[in-house]
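# Fold and geometry: a report
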Amino acid sequence: MAKRSATDSSLDGLLSGKSRRSRDDPQVDEIGEFEDAWEDELESDEDVVDADAPDGMDVDEVHAIEESEEQPQALQTFIPGTHVLAKDEVLEPDDSVYIMRHSMDVTWSCLSFDVLRDSLGDERQRFPATGYVVAGTQAARADENELSVFKMSSLHRTQRDGDNDEDDDEDEDDALDEDAVLEFRSVPHNGGVNRVRAQPLPPSTPLVPASQPYYAATWSETGMVYVWDIRPLIESLDVPGYSWERTRSNKPTFTINSHGRAEGFAMDWAASAAANPSALRLLTGDVHSKIYLTTSTPSGFNALAQPFTSHTSSVEDIQWSPSEPTVFASCSADHSIQIWDVRSKGRRSVTGIDPAHESDVNVISWNRNTNYLLISGGDEGAIKVWDLRNVSKPGSPRQVASPVAAFTWHNGPITSIEWHPTEDSIFAASGADDQVTLWDLGVEQDDDETGSMNEVQGSREVPPQLLFVHQGQRDVKEIHWHPQIPGAVISTALDGFNIFKTISV
């Protein structure tokens, strides 16, 4: 991974939240400095005399207007864990550190979502941007839940004070600052959606034609795993007047009932080897520590009956290896991370890290560019980076592997974590402390820089690898990078979706 100095990242872009007084605060009346046009003709206030006044008559003195000593309260950078908002204070975003920032409300909050591939091209830098996601609701009643495909459009560049009105390198549409547009198509879903994942499509390939299926799987709170064909929903958003066959999308294509009534959260798709690229594999893990594999065939899906059973508590997350088609990793509330090979007999893990965290291991992400790096987030708020080359097999005399990097910035459980799709040193994380953080392991800090950074940022030590803190959402549940819009991050929380792009990544 390439290294860069911590000074390459502006401190102004590190923490997006700014604290200010509420608009309900009483304002202090102030008169600023003014200029007297006849100042050179008057020597002093005492010399001013009314020429028409009779002798002996008192004349009111003219007093100089004194400038108020109170100044408007300056905005301050809000550092989580160091600063606490007062009752009459609110956070305001610093738009100077955002290239794009939009918030979108939804009818029911979504615990999980996934980014959908589209045919608009890769490495998109132009604005306004457009993106598609699939999400599942957490409605008040089980029969009100839905699986929805959202189209986020008119995602304009964030306008800042001092921006030039004219730019030869950008179209006029790029400079507009309008509200984003959120459209969606939904189908009924039985029970709340714990997690949703879309089938992987090869990089740099367009979306499949409308006549072909594009699958998404949902983990229901009822214990069922459903596989849906969401391609008609996307087509309906893009083609006015398009009407899809209700029998194709309104009901699941396949239902996995291997878990019985045990619900779960862990789920991940993978495409099979190049010899059969159309074949799909889906792993699902439940709260009773079991992991099941479902495969696709030309005639449909096939749920294998024998589970993988090395965990001793709830399986929280699963990730297929990006380089070995038969290998996957899982994490659990038993504090461990396990590595598996579907070819191994007995359906037991082939190696693992136990313990990996002091408490539940909530989420993991496998680096797709440096395939021996795995990152994990725990219930204690710690983030750890693992080099899988240092992990020994069970029963080996070698000691438990140590992380190559560890961070304890978050003040609550880590709820989501994901490596950048193309930069092997950058990752994003979210926590129950309402923070979305962006990190770069390639940042190095010189010794002579440490003092000045601590002086600026307060009493809490800020890791030099921490690039950015995005705030403003409540109870952030999941984050994803958009693989076709470099640097764009989407997050879902109790109060809706955010999509943003910063100057840091």
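Above this text is the structure in question.
Here's what I pulled together on the structure shown here. All residue numbers refer to position in the chain's written sequence, counted from 1. Per-residue local features of the predicted model are confined to residues with pLDDT of at least 70, and side-chain atom pairs are confined, for both listing and counting, to 80 or more; whole-chain, interface and lining totals are unaffected and use all residues. In computing side-chain properties, one takes all heavy atoms of the structure into account and sets aside hydrogens as well as water.

### Describing the pattern of salt bridges
Every case where a carboxyl oxygen of Asp or Glu lies within 4 Å of a side-chain nitrogen of Lys or Arg is listed as a salt bridge. Taken as a whole and judged by the stated rule, the model has 14 salt bridges. In this structure, aspartate 95 engages arginine 101 in a salt bridge whose closest nitrogen and oxygen atoms are separated by 2.9 Å. Classification of residues uses two cut-offs on accessible area relative to the type maximum, computed with a 1.4 Å probe and protein chains only: under 20% is buried, over 50% is exposed, and between them is partly exposed. The class for aspartate 95 is partly exposed, based on a relative accessible area of 24%. By relative accessible area, arginine 101 is classed as partly exposed at 25%. Within this structure, Arg195, Arg197, Asp317 and Glu478 form a network of salt bridges that share partners.

### A closer look at helix α1 (residues 231-238)
Under the DSSP-based scheme used, a helix requires at least four consecutive residues in state H or I and a strand at least two consecutive residues in state E, with every element numbered from the N terminus. The buried fraction of α1 is high, at seven of eight residues. When α1 is considered as a whole, its buried residues turn out to be Arg231, Pro232, Leu233, Ile234, Glu235, Ser236 and Leu237. In this analysis, two residues are considered to be in contact whenever any of their non-hydrogen atoms come within 4.5 Å of each other. Packed against the buried residues of α1 are β6 (110-116), β7 (129-137), β8 (146-155), β9 (181-188), β12 (225-229) and α2 (246-249).

### Brief notes about the environment of glycine 352
By secondary structure assignment, the location of glycine 352 is in strand β21 (residues 351-353). Placed 23 residues apart in sequence, glycine 352 and alanine 329 show a C-alpha to C-alpha distance of 8.7 Å. Apart from residues lying up to four places away in sequence, glycine 352 is in contact with Ile337, Gln338, Ile339, Val391 and Ser392.

### With respect to the sheet that holds strand β14 (residues 264-271)
Reading across the sheet, the four strands line up as β14-β15-β16-β17 and stay open at both edges, with antiparallel pairing between neighbours. Each edge of the open sheet is held by one strand with a lone partner, namely β14 and β17 (300-303). Taken pair by pair, the neighbouring strands of this sheet meet at an average axis angle of 20°, ignoring direction. Should DSSP find at least two bridges between two strands, the strands are taken to pair. In terms of strand pairing, strand β16 (residues 291-297) meets β17 through four bridges, oriented antiparallel. Looking at the pairing, threonine 295 lines up with asparagine 302 of β17. What counts as an axis is a line fitted to C-alpha atoms, over the stretch in contact for a helix, and the angles between N-to-C directions run from 0 to 180 degrees.

### Notes on the pairing of β7
Of all nine residues in β7, nine are buried, a share of seventy percent or more. Direction of pairing for β6 relative to β7: antiparallel, over a ladder of six bridges. Each bridged residue has a counterpart across the sheet, and for aspartate 114 the counterpart in β7 is valine 134. Pairing between β7 and β8: seven bridges, direction antiparallel. Bridge pairing in β8 links valine 134 to valine 149.

### A look at the layout of surface pockets
Within this scheme a cavity is a closed region of a 1 Å grid, computed over the protein atoms alone, that accommodates a 1.4 Å probe without allowing it to escape, whereas a pocket is open but has protein on both sides within 12 Å along at least five of seven lines; lining residues each have an atom within 4 Å of a point. Grid points are joined across faces, edges and corners, and a volume is the space filled by probe spheres set on the points. Its volume calculated, the largest pocket comes out at about 1,400 Å³. What lines the largest pocket is a set of 49 residues, and nearest its centre among them are Pro200, Leu201, Arg368, Pro421 and Pro483. Nonpolar residues are Ala, Val, Leu, Ile, Met, Phe, Trp, Tyr, Cys and Pro. Charged residues are Asp, Glu, Lys and Arg, and all others, Gly as well, are polar. Grouping the constituent residues of the lining of the largest pocket by class yields 23 nonpolar, 13 polar and 13 charged.

### Considerations on the side chain of serine 321
Relative to the assigned elements, serine 321 resides in the loop between β18 (315-320) and β19 (327-332). With a relative accessible area of 9%, serine 321 lands in the buried category. Whenever a nitrogen or oxygen atom comes within 3.5 Å of another N or O atom, the pair is scored as a polar contact, on the condition that within protein one atom can donate a hydrogen and the other can accept it, and that pairs from neighbouring residues in sequence are kept only if both atoms are in side chains. There is a polar contact of 3.2 Å between the side chain of serine 321 and the backbone nitrogen of serine 323. Among the polar contacts listed, one links the side chain of serine 321 to the backbone nitrogen of glutamate 324, at a separation of 3.1 Å. Non-local contacts of serine 321, meaning those with residues more than four positions away in its chain, are made with Val327, Phe328 and Trp366.

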